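Coordinates in review
One-letter residues, chain by chain:
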Amino acid sequence: MKRVLGKLMGISVIVGSATSALGFDPGNARSMSAGRAEAPDGAVGAAPARSEIPERYRWNLGEIFADDAAFEAAFQKTEGLINKFAALKGTMGRSAETLLAVLEMRDQLSAELDRVVLYSGLSYHQDMSVNPAQGRWDRSQSLGTKAAEAMSWFVPELLTMAPESVHGWMEKNDMLAVYRHFVDDVQRQRDHYLSPREEELLAMAGEIASAPENIYGRFTNTNMDFPTIEDETGAKVKLSAAKYSTFIYSKDRRVRRDAFLGIHQSYMDMANTLSAMLSAHVKQHIFYAKARGFRTAREAALDGPNIPVAVYDNLVATVNKHVDKLHRYVELRRKLMGLDEIHQYDLYVPMVAVEEEKIEYDDAVSTILKALAPLGSDYTGTLRRSFESRWIDVYETANKRSGAYCWGAYLTHPYLLLNYNRTMNDRSTVAHEMGHAMHSWYTVKSQPFVYGDYATFCAEVASTVNEVVLANYLLAHANDDTERLLILQQQLEGIRTTVFRQTMFAEYEQRIHELAEAGSPLTGEVLCKEYAELVAKYYGPGTTADACGAAEGLRIPHFYRNFYVYAYATSHCSATNIGRRIIAGEPGAVDGLMKFLAAGSSKYPLDVLKLAGVDMTTPKPIEDTMQLFAELLDRFEELYAKTIKPKAAA
Ligand SMILES: [Zn+2]
């Protein structure tokens, strides 16, 4: 229950639900090649203005609010609801009717606030240089904190009520009975709630608590100064996050090396400042965990969605058991690329050195629609409608936020931010983000507001199922073995970056929290040392480390979430399992997925996943994915020898 977790952690309640639970992918686990396509002279030009992009490729924020005046009106309405809600304090326990009134008012306020935050966030992200938009975004965040303060009495007051009497009221009142799982979930967390005054204090600290993340975001997006390097044609290009995510895939080793070293040396140079931000963020987690009587920050984060720590440990232990498969992959990569030494910056470039065909966005869309046909006509019909209705901001424009995400609110359809650059990876990203959008859409359509979001633990499943089903279609429809190799390579990379790499991130996150909990200062030196050790363990003895590569642990934005990355890995394993059963035409597999999509947060995350036939308390889905990785490696190696080797020898 994301909303309850937000409340528990004292972070702005609704902002939490809007930004995480509805599939908002902050940062670059799904990074796209966000740089613009090369200009004809080979130089990379500045990003175009929004007005240069045809309207149908720009999202339509007018569907949320017709104009800024409508936004202001909604903002004021939300402020009014905050005051109304505050006035309900002390009334909850009087009768079934007053309890219901409080619950419904809470929903109404949260729904309005979500929409305000969504609009201000999207309009800020489309042009992060515009001051009025930034001002609206700041005000919305403050409004979220104000709402959290005004609602801080809600849970403690609910906890003063005996569960039996609440259940008694629910027996007689159908509208109240809707809230049964929600109320039971709050009662489950009873031991970690504090006195009303203490709850109020924690809520008041919300804005300060989110400061490290905000400072990191501003600093890295606008104040970090990166060096200028030469691209493949010798043209001088100033590095940026977006340019880096293009150059790291460069087939010209000098370019990807200069980009990797340039970016990470800049982070390394700022290690003092950046480690202070990350350290403060980690301490914030520990503060809330301690305040609520949890043993560790990790236990606190996982208790919100009711995930046993054993699920996390199971992931890390199972992946560690198979880390030799990643070593095999890295060694294969080194061999096929003809390198003496393999570095971190050699891990992204395609092993199959063929010129990838550029995929126009409209072609990507039509392929995705055909590929996802096994998910049924209802699913693809909704998908088609969303592609045609300006839910998506497709291309990079000046000062637009990098990366890709899906973000929605209960009162409006979800929106997708992309920086589409015509690669195969970009096409998969469209399918991925659309998975989030469909998950949000079916959840909102099927659930009352109180269950109209979904837990982080489930958030990456629908998106990855889309990718798995898309890859299967592309393999079946490939023109030749070379294209097949490209698709196999993409699947291998999917597991490397989402299962192995995110598990490595999860281990890093766990280790730095444990260090801080043991009283060790998280200096730049400590953070880099920890990160370097994990890189060595995961990529194996064959990988040559560059000193500044350890600064990646200071760069990745996901470390500013709260034990979020492990869910990428568990989700990928769940989705692989679901996707393969759908592809095999297993009876009930599509039905199970549709039930999962529609369930929202009406059950605990592990139970929601069981609707789709997956049990993440067992090593099975992870073992299966590791097995698949080994099979893909075999297939890739065999096909490569048959297709590429003889040509190279000739
Ligand atoms: Zn995602």
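A quick note: this is a predicted structure, and the numbers were derived from the prediction, not measured.

Calculation notes
Residue numbering note: each chain is counted from 1, following its sequence as written. Thresholds applied to this predicted model are a pLDDT of at least 70 for local features of residues and 80 or more for the giving and counting of side-chain atom pairs; totals over whole chains, interfaces and linings are not thresholded and use all residues. By convention in this description, side-chain values take in all heavy atoms of the structure and omit both hydrogens and water. Helix numbers and strand numbers start at the N terminus; a helix is a DSSP run of H or I with at least 4 residues, a strand a run of E with at least 2. Throughout, the radius of gyration refers to the C-alpha atoms, and the reference size of a globule is 2.2 Å times the residue count to the power 0.38. For each residue, the accessible area found with a 1.4 Å probe, counting protein chains only, is set against the maximum for its type, and the residue is called buried under 20%, exposed over 50%, and partly exposed in between. In the analysis that follows, any N or O atom pair within 3.5 Å is treated as a polar contact, provided that within protein one partner can donate a hydrogen and the other can accept it, and provided that, for residues neighboring in sequence, both atoms belong to side chains. Grouping buried Ala, Val, Leu, Ile, Met, Phe, Trp, Tyr and Cys residues that are joined through side-chain atoms within 4.5 Å yields what is termed a nonpolar core. Note on definitions: a residue-residue contact is assigned when non-hydrogen atoms from the two residues lie within 4.5 Å. We treat two strands as partners when DSSP finds at least two bridges between them. All axes here are fitted lines through C-alpha atoms, helices being fitted over the stretch that makes contact, and every angle between N-to-C directions spans 0 to 180 degrees. Under this scheme an angle from 65 to 115 degrees is roughly perpendicular, one under 35 degrees roughly parallel, and one over 145 degrees roughly antiparallel; angles in between are oblique. Handedness of a crossing follows from how the near helix is turned relative to the far one, being left-handed for an anticlockwise turn of less than a right angle and right-handed for a clockwise one. Residue polarity is assigned by list, with Asp, Glu, Lys and Arg as charged and Ala, Val, Leu, Ile, Met, Phe, Trp, Tyr, Cys and Pro as nonpolar; anything else, Gly included, falls into the polar class. In predicted models, pLDDT denotes the confidence assigned by the predictor to each residue on a 0 to 100 scale. When two rings of Phe, Tyr or Trp (its six-membered ring) have centres within 6.5 Å they constitute a pair, described as stacked for plane angles under 30 degrees, edge-to-face for angles over 60, and tilted for the intermediate range. Each salt bridge in this description consists of a side-chain nitrogen of Lys or Arg and a carboxyl oxygen of Asp or Glu lying within 4 Å of one another. Cysteine sulfurs are considered disulfide-paired once they come within 2.5 Å of each other. By this rule the span expected of a helix is its residue count minus one, scaled by 1.5 Å.

1. Examining the overall build of the protein
Helix and strand counts for the protein stand at 31 helices and seven strands. For the protein, the C-alpha radius of gyration of 24 Å lies close to 26 Å, the compact-globule estimate for 650 residues. Reported as C-alpha extents along the three principal axes, the dimensions of the protein are approximately 85 × 55 × 50 Å. Counting across all 650 residues of the protein, residues that qualify as buried make up 60%.

2. Considering the side chain of asparagine 419
Position of asparagine 419 among the secondary structure elements: in the loop between strand E6 (412-417) and helix H21 (424-446). According to the relative accessible area criterion, asparagine 419 is buried, its value standing at 1%. Polar contacts involving the side chain of asparagine 419 include one to the main-chain carbonyl oxygen of glycine 403, which spans 2.8 Å.

3. Overview of the nonpolar core
In terms of nonpolar packing, the biggest core is built from 149 residues, with Tyr361, Leu383, Phe387, Ile392, Tyr566, Phe596 and Phe636 touching the most fellow members. Looking at which element gives the most residues to this core, the answer is helix H24 (residues 481-517), with 14 residues. With residues near it in sequence (within four places) discarded, leucine 383 still touches Ile368, Leu369, Leu372, Met434 and Met438. Formed by 52 residues, the second largest nonpolar core is a distinct cluster that contains Leu118, Tyr119, Leu159 and Leu417.

4. Some points on the pairing of strand E5 (residues 405-409)
In terms of burial, E5 is a largely internal element, five of the five residues being buried. Of the two faces of E5, both are covered, the one formed by Tyr405, Trp407 and Ala409 as well as the one formed by Cys406 and Gly408. Between the end of E5 and the start of E6, which pair antiparallel, lie two residues.

5. Looking at the packing of helix H3 (residues 68-87) against helix H4 (residues 96-126)
Their axes nearest at 9 Å, the elements H3 and H4 cross at an angle of 150 degrees. Compared by their axis directions, H3 and H4 come out roughly antiparallel. The crossing of H3 and H4 is left-handed. Side by side, H3 and H4 meet where Asp68, Phe71, Ala74, Phe75, Lys77, Thr78, Leu81, Ile82, Lys84 and Phe85 of the first sit next to Val102, Met105, Arg106, Gln108, Leu109, Glu112, Leu113, Val116, Tyr119 and Ser120 of the second. For the contact of H3 with H4, the per-class residue count stands at 12 nonpolar, three polar and five charged.

6. With respect to the sheet that holds E6
Pairing in this open sheet of three strands is mixed, and the strands run E4-E6-E5 from one edge to the other. One side of each edge strand has no neighbouring strand; the edge strands of this open sheet are strand E4 (392-393) and E5. Here E5 pairs with E6 via four bridges, running antiparallel. Paired with cysteine 406 across the bridge in E6 is leucine 416. Relative to E6, H21 is tilted by about 170 degrees, and along the sheet it contacts E4, E5 and E6.

7. Focus: the confidence of the model for the protein
Per-residue confidence for the protein gives a mean pLDDT of 90; residues scoring 70 or more make up 92%. Every residue in residues 1-44 scores below 50 in pLDDT, and together they form 166 contacts with partners more than four places removed in sequence or on other chains.

8. Side note on the packing of aromatic side chains
Inspection of every chain in the model, using the stated rule, returns 35 aromatic pairs. Taking 5.6 Å as the distance between ring centres and 65 degrees as the angle between the ring planes, the aromatic pair formed by tyrosine 329 and phenylalanine 629 counts as edge-to-face. Of this pair, tyrosine 329 sits in helix H18 (residues 323-336) while phenylalanine 629 sits in helix H30 (residues 620-643), placing them 300 residues apart in sequence. Residue phenylalanine 629 is classed as buried on the basis of its relative accessible area, which comes to 0%. Seen from their ring centres, phenylalanine 505 and phenylalanine 559 are 5.2 Å apart, and the 80 degrees between their planes marks the pair as edge-to-face. Of the two residues, phenylalanine 505 is situated in helix H24 and phenylalanine 559 in the loop between helix H26 (552-555) and helix H27 (566-583); the sequence distance between them amounts to 54 residues. The pair formed by phenylalanine 505 and phenylalanine 559 is uniform in burial state, with each residue classed as buried.

9. Some words on the pattern of salt bridges
Here the structure, examined in full by the defined rule, presents 43 salt bridges. In this structure, the salt-bridge partner of aspartate 185 is arginine 188, at a minimum N-O distance of 2.9 Å. With aspartate 185 and arginine 188 both in helix H9 (residues 180-188) and three residues apart, the pair spans about one turn of that helix. Owing to a relative accessible area of 0%, aspartate 185 belongs among the buried residues under this scheme. In this structure, aspartate 624 and lysine 620 form a salt bridge, with 3.0 Å as the shortest nitrogen-oxygen distance. Of the two residues, aspartate 624 and lysine 620 are both situated in helix H30; the distance of four residues between them amounts to about one turn of the helix. Each of Asp252, Arg254, Arg257 and Asp258 takes part in one network of salt bridges that share partners.

10. Quick look at the side chain of asparagine 466
Note that asparagine 466 resides in helix H23 (residues 461-476). Non-local contacts of asparagine 466, meaning those with residues more than four positions away in its chain, are made with Leu372, Leu375, Tyr379, Ala431, Met434 and Gly435.

11. Overview of the state of the cysteines
In this structure the tally under the stated criterion is zero disulfides. Its sulfur unpaired, cysteine 528 is 9.6 Å from the next cysteine sulfur, which belongs to cysteine 548. With relative accessibility at 8%, the residue cysteine 528 sits in the buried group.

12. Description of the environment of methionine 105
Tracing the sequence through the fold places methionine 105 in helix H4. With residues near it in sequence (within four places) discarded, methionine 105 still touches Leu81, Lys84, Phe85 and Leu88.

13. Some remarks on H23
In an α-helix, one full turn covers 3.6 residues, which means residues spaced three or four apart are oriented alike. In a regular helix each residue adds 1.5 Å, so 16 residues correspond to 22 Å; H23 covers 23 Å between its end C-alpha atoms and thus fits that length. Judged by how many residues are buried, H23 sits mostly within the fold: 14 of 16 residues are covered.

14. Details of unusual backbone geometry
With phi around 60 degrees, arginine 390 is a residue other than glycine that occupies positive phi space. One can find arginine 390 in the loop between helix H20 (377-388) and E4. Even without being a glycine, arginine 422 presents a positive backbone phi close to 70 degrees. Tracing the sequence through the fold places arginine 422 in the loop between E6 and H21.

15. Examining the environment of histidine 439
Within the secondary structure, histidine 439 sits in helix H21. Given the relative accessible area of 1%, histidine 439 is considered buried. Sequence-distant contacts of histidine 439, defined by excluding residues within four places in its chain, comprise Tyr454, Cys458, Ala462, Phe596 and Leu597.

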